[in-house]
Protein chains: 2
Amino acid sequence: MNGRILNASRAPVRQSSVRAHNLALVLQTVANSANRPSRAAIAGSTGLTRATVSALVDDLIAGGLLTEHDPAPRTGAGRPAAGLALSSEGPAGLGLEINVDYQAACVVDLTGVVRHRFVARGDQRLLSPAAALAELDVLAVRARSAAEADGLTLAGAALAVPGLVAPGGLVRVAPNLGWQDVRVPELAGLPITVDNEANLAALGELRADGTEPSFVYVSGEIGIGAGIVLDGVLYRGGRGWSGEIGHVTVYPDGRPCRCGANGCLEQYAGQEAVAADPDLAAAALGIALSAVVNLLDLGVIVLGGGYAPEFARLSEGIEAELRRRVLTAGLAPVTVRPAALGADAAMLGAADAVIRDVQEDPAGWLARAQAV
Amino acid sequence: MNGRILNASRAPVRQSSVRAHNLALVLQTVANSANRPSRAAIAGSTGLTRATVSALVDDLIAGGLLTEHDPAPRTGAGRPAAGLALSSEGPAGLGLEINVDYQAACVVDLTGVVRHRFVARGDQRLLSPAAALAELDVLAVRARSAAEADGLTLAGAALAVPGLVAPGGLVRVAPNLGWQDVRVPELAGLPITVDNEANLAALGELRADGTEPSFVYVSGEIGIGAGIVLDGVLYRGGRGWSGEIGHVTVYPDGRPCRCGANGCLEQYAGQEAVAADPDLAAAALGIALSAVVNLLDLGVIVLGGGYAPEFARLSEGIEAELRRRVLTAGLAPVTVRPAALGADAAMLGAADAVIRDVQEDPAGWLARAQAV
DNA sequence: TGGGATTTGTTTATTGGTTGAATTATTTGG
DNA sequence: CCAAATAATTCAACCAATAAACAAATCCCA
């Protein structure tokens, strides 16, 4: 039970790592609580002692990650508990998005509340990548000032892009933007991570409806992308290029695709195809998603992006194919549902990725905050 | 760098967990070394101090997991190092397999050497599940006696089955055995885990060629299964039913499959189909594997089971489809290779799964060994 | 042949972090 | 107003890793 291995990582563990882990454990316990838990409640649910939890909470409060509140509930005898909650004045995340016809930025605080939101409409394909990024920098700087006016410190930024992203913020290809091998620089003077829009939207969905640890999020825009979340962790693939469901073959000898192959899902369930023939799109989606479920045994499929508003027209056709083609459909249910987040999903997921990093490694944040 | 989070697990961490982790770290470092590393070399490659490594190694030697050897190499000045190696007299794993026309058992020691091997040929479909398991128990007891005669202690057993396995050793369906909802009991008095044959074969492959952390192992027997290994960890799926590549749709309106759908891979690349038309099989495999790579971004595909001997006839056709249908084929290579292990892969993988458990949690083994 | 250089492995005091028990704090209920 | 109950803190003990000094065993060179 105890004394189990921590993980398979090839790193030595010392006492400071213990504290780092337990700090994250406490912080995440608070983050995942519906109400405001007391130190004693945290001790109970984590298995740590009250003494340890007290010490950890002190650090988290001092570092501006938690705040102490009045003992809202009033039950039975005993000293009333002090409720703990994520601080809404601690670090915040800057979420950015570039898409075909708009740019957007948002500031999300540690509690998940969207504090600011900026959108600039305009066809990005008319701009060079450098010009587009310069414009995005203006938006980012504006968001940063707004955050600082609220007393928030931005912990970092994440940018959602409709394309293939290599490590280090290098956009290899973003066909619908016309980008190729574009390196994204610092924006608003913040360290930035760049990721595929479907991946980040999946992370946003994970936060919005945290009950399901494993699911696939399918985003239907001009292209089709998927974010795969396994056990609460976004799966990025060996080289960061997972989730290219748009180019899964549906009809081997079917319509030619711009990628050079024939019968890619994108040709049957892209934006135009959905508008032209929703039934065909649903069948094609159902075939491709059956492959996903047969391979990965995921119980939940989330339809996002352009699919969300079309959900009513698509779900029946998709589910019919799943019933027919998923081997274990009779043994375990597969549910299809629309995304909880709307068009902002990728940007919100980006901001969320930043604060997720802080929540997963509060010790790192405290050390950085200390250093400044 | 240091002070990073250990993992996302929701468990408290105490000093004993630190020791458990570092014990595993040292043991795995020895396991993954080509030569026999010294304590100082382990300290160097893990980042632990020599003092700590010494203490950990003492525990591992006392527990029969490591042995100390003479300073084989002779290089330069300084006190000669004592070489450390996995003990070949410590815990061992019992690997079991039931397939259509045979049963098999093997004993593999901690170093990975196959110490004993037993096979009983015979059509399992003529036996009831209970009778087949009783026969397997005979084999298991024989293997256990042989192991004990060598001074080996079996740490556990794992059984490979061609079918869908639910947690708790419940075989939900094994179509080619004619099994349905069969619960596997203790065999030879050992705790047993039951798993799909492709999953275990993939684990065996991971051990046999440990250089690639992420790959898919495809096993072509009567049915077709896949074991998916992501970052060195077997991915089992939300409910344990991942890797059903045999029922990925290749031709949506194609041949009817026994599962009720049409155009499943199994109908085009099962044993009979490969014999009848290798080119068709290769094309179908290529289409299905393209979906796997598009979704998961895996760089290596291992062809095992019945595909391994047919590799020369299949690889060209598979690679052609991959080149055509994998979106990122131009950016990152996908290699296809035959399995390193032969027909025994699943059974060896099963035995390996047992000793893998010991290697990943030596502290647990030491505690159990202590208790006896 | 002998002494310094070099590397391995052990010993010892120190440090950091959790635990468990005792203590303090604050409320409810009789 | 006191006892029971619950929350939170304090403090000594313990465990595991670290750093630095030390012991052991070899090589190399004069």
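Residues numbered from 1 in each chain as written. Chains lettered and ligands numbered in written order. Predicted model: local features only at pLDDT ≥ 70, side-chain atom pairs only at ≥ 80, totals over all residues. Heavy atoms only, no water.

**Here's the deal with the interface of chain A and chain B**
Every contact between the two is made by 70 residues of chain A and, on the other side, 71 residues of chain B. Between chain A and chain B the total buried area reaches about 6500 Å² when both faces are included, carbon and sulfur atoms providing 58% of it. Run the count over chain A and chain B and you get two salt bridges. We note a salt bridge from aspartate 297 of chain A to arginine 239 of chain B, for which the minimum N-O separation is 3.1 Å. In this assembly, chain A and chain B are joined by 34 residue pairs in polar contact (both at pLDDT 80 or more). It is helix α1 (residues 15-31) of chain A that contributes the most residues to the side of chain A that touches chain B, nine residues altogether. In terms of residue class, the side of chain A that touches chain B is built from 34 nonpolar, 24 polar and twelve charged. (Contact = heavy atoms within 4.5 Å. Buried area = accessible area lost by both parts, 1.4 Å probe. Salt bridge = Lys/Arg side-chain N within 4 Å of Asp/Glu carboxyl O. Polar contact = N/O pair within 3.5 Å; in protein donor to acceptor, adjacent residues only side chain to side chain. Helix = DSSP H or I, 4+ residues; strand = E, 2+ residues; numbered from the N terminus. Nonpolar A, V, L, I, M, F, W, Y, C, P; charged D, E, K, R; others polar.)

**Quick word on the environment of leucine 27 of chain A**
All names here are of chain A. For leucine 27, the location among the structural elements is in helix α1. Classification of leucine 27 as buried rests on a relative accessible area of 0%. In this structure the C-alpha to C-alpha distance between leucine 27 and proline 278, which are 251 residues apart in sequence, comes to 45 Å. Sequence-distant contacts of leucine 27, that is, excluding residues within four places in its chain, are made with Leu60, Leu65, Leu66, Leu86, Val358, Gln359 and Pro362. (Buried < 20%, exposed > 50% of the residue type's maximum accessible area, 1.4 Å probe, protein only.)

**Observations concerning the sheet that holds strand β15 (residues 335-338) of chain A**
Residue and element names in this part refer to chain A. Taken together, five strands build an open sheet; the order of strands is β13-β12-β11-β14-β15 and the sheet is mixed. With partners counted over all chains shown, the strands left at the sheet margins are β13 (233-235) and β15, one partner each. Across the sheet, the axes of successive neighbouring strands diverge by a mean angle of 25°, strand direction being ignored. As paired strands, strand β11 (residues 215-220) and strand β14 (residues 300-305) are joined by five bridges and run parallel to one another. The residue bridging tyrosine 217 from the neighbouring strand is valine 302, located in β14. Relative to β11, helix α8 (residues 278-296) is tilted by about 155°, and along the sheet it contacts β11, β12 (224-230) and β14. (Pairing = 2+ DSSP bridges. Axes fitted to C-alpha atoms, helices over the stretch in contact; angles between N-to-C directions.)

**A look at the confidence of the model for chain A**
Residues at a pLDDT of 70 or more form 96% of chain A, whose mean pLDDT is 94. Low confidence marks residues 1-6 of chain A, where pLDDT is under 50. Its contacts with residues over four positions away, or in another chain, come to 20 contacts. (pLDDT = per-residue confidence, 0-100.)

**Here we look at the relation of the copies chain A and chain B**
Between the two chain copies there is a screw-like relation: a rotation about an axis and a shift along it. When chain A is brought onto chain B, the operation consists of a screw motion whose angular component is 180° and whose axial shift is 0.0 Å, with 0.1 Å RMSD remaining. Taken together, the rotation and translation describe the operation of a two-fold axis. Here 100% of the interface residues in chain A have copies in chain B that are interface residues too; the copies meet face to matching face. (Least-squares fit on C-alpha atoms with pLDDT ≥ 70 in both.)

**A look at the sheet that holds strand β3 (residues 91-99) of chain B**
All names here are of chain B. Taking strand neighbours across the sheet as the criterion, the five strands line up as β5-β4-β3-β6-β10 in an open arrangement whose pairing is mixed. Edge positions in the sheet fall to β5 (114-121) and β10 (192-196), since each has one partner strand and no second. Looking at each pair of strands side by side, their axes are set apart by 15° on average, direction ignored. Bridge count between β3 and strand β6 (residues 153-161): seven bridges; the pairing is parallel. Looking at the pairing, alanine 92 lines up with leucine 154 of β6. Packing against the sheet, helix α4 (residues 129-149) makes contact with β3, β4 (102-109), β5 and β6, and its axis sits at approximately 25° to β4. Against the sheet, helix α10 (residues 345-360) makes contact with β3, β4, β5 and β6, and its axis sits at roughly 150° relative to β3, the strand it touches most.

**Topic: the domain arrangement of chain A**
Domain boundaries in chain A define domain 1 (15-86), domain 2 (91-201 + 345-371) and domain 3 (210-338). Taken over C-alpha atoms, the centre of domain 1 of chain A sits 40 Å from the centre of domain 3 of chain A. (Domains from an automatic or database assignment.)

**Observations regarding the protein's contact with DNA strand D**
Neighbouring DNA strand D are 28 residues; Gln15, Ser54, Arg79 and Ala82 of chain A together with Arg19 of chain B lie closest to it. Backbone atoms, meaning sugar and phosphate, form 71% of the atoms of DNA strand D found within 4 Å of the protein. In this structure, alanine 40 of chain A approaches DNA strand D through a main-chain N or O atom, which is 3.1 Å from a phosphate oxygen. Where the surface near DNA strand D is concerned, the elements lending two or more residues are α2 (39-46) and α3 (50-62) of chain A together with α1 (15-31) and α3 (50-62) of chain B. In terms of residue count, the dominant contributor to the surface near DNA strand D is α1 of chain B (four residues). (Near = heavy atom within 4 Å.)

**Quick look at the protein's contact with DNA strand C**
The local shell around DNA strand C holds 27 residues, among which Arg19 and Thr52 of chain A together with Gln15, Ser54 and Arg79 of chain B are the closest. A share of 70% of the atoms of DNA strand C within 4 Å of the protein falls on sugar and phosphate groups. At 2.2 Å, a side-chain N or O of glutamine 15 of chain B approaches a base nitrogen of DNA strand C. Of all elements in the fold, only α1 and α3 of chain A together with α2 (39-46) and α3 of chain B reach the threshold of two or more residues within the surface near DNA strand C. Residues of the surface near DNA strand C, tallied by class, amount to nine nonpolar, eleven polar and seven charged.

**Re the pattern of salt bridges**
Applying the stated criterion across every chain, the model contains 36 salt bridges over all chains. Between aspartate 181 of chain B and arginine 172 of chain B there is a salt bridge; the shortest N-O distance is 2.7 Å. Connected through shared salt-bridge partners, Asp109, Arg115 and Asp150 of chain A make up one network.

**Some remarks on the environment of alanine 82 of chain B**
Residue and element names in this part refer to chain B. Residue position: alanine 82 is located in the loop between β1 (66-69) and β2 (83-86). Alanine 82 sits in the partly exposed class, given a relative accessible area of 24%. Between the C-alpha atoms of alanine 82 and serine 38, which are 44 residues apart in sequence, the distance is 5.5 Å. Apart from the residues lying within four places of it in its own chain, the contact partners of alanine 82 are Pro37, Ser38, Arg39, Glu68 and His69.

**Let's talk about helix α9 (residues 311-325) of chain A**
All names here are of chain A. Between its terminal C-alpha atoms α9 stretches 20 Å, which fits the 21 Å expected from 15 residues at 1.5 Å a residue. Of all the residues in α9, the buried ones are Phe311, Leu314, Ser315, Ile318, Glu321, Leu322 and Arg325. Along the axis of α9, the buried residues cluster in a sector spanning 140°; they form a single face. Exposed residues lying more than 90 degrees from the buried face of α9 are Ala312, Arg313 and Arg323. For α9, the elements touching its buried residues are α8, β14 and β15. (Expected span 1.5 Å × (residues − 1). Arc of directions from axis to C-beta.)

**Some details on unusual backbone geometry**
Residue and element names in this part refer to chain B. One non-glycine residue with positive phi stands out, namely alanine 188, at about 55°. Counting through the fold element by element, alanine 188 comes out in the loop between β9 (179-183) and β10. Taking relative accessible area as the criterion, alanine 188 reaches 9% and is therefore assigned buried. The backbone of aspartate 297 sits at a positive phi, close to 55°, despite the residue not being glycine. Here aspartate 297 is to be found in the loop between α8 (278-296) and β14 (300-305).

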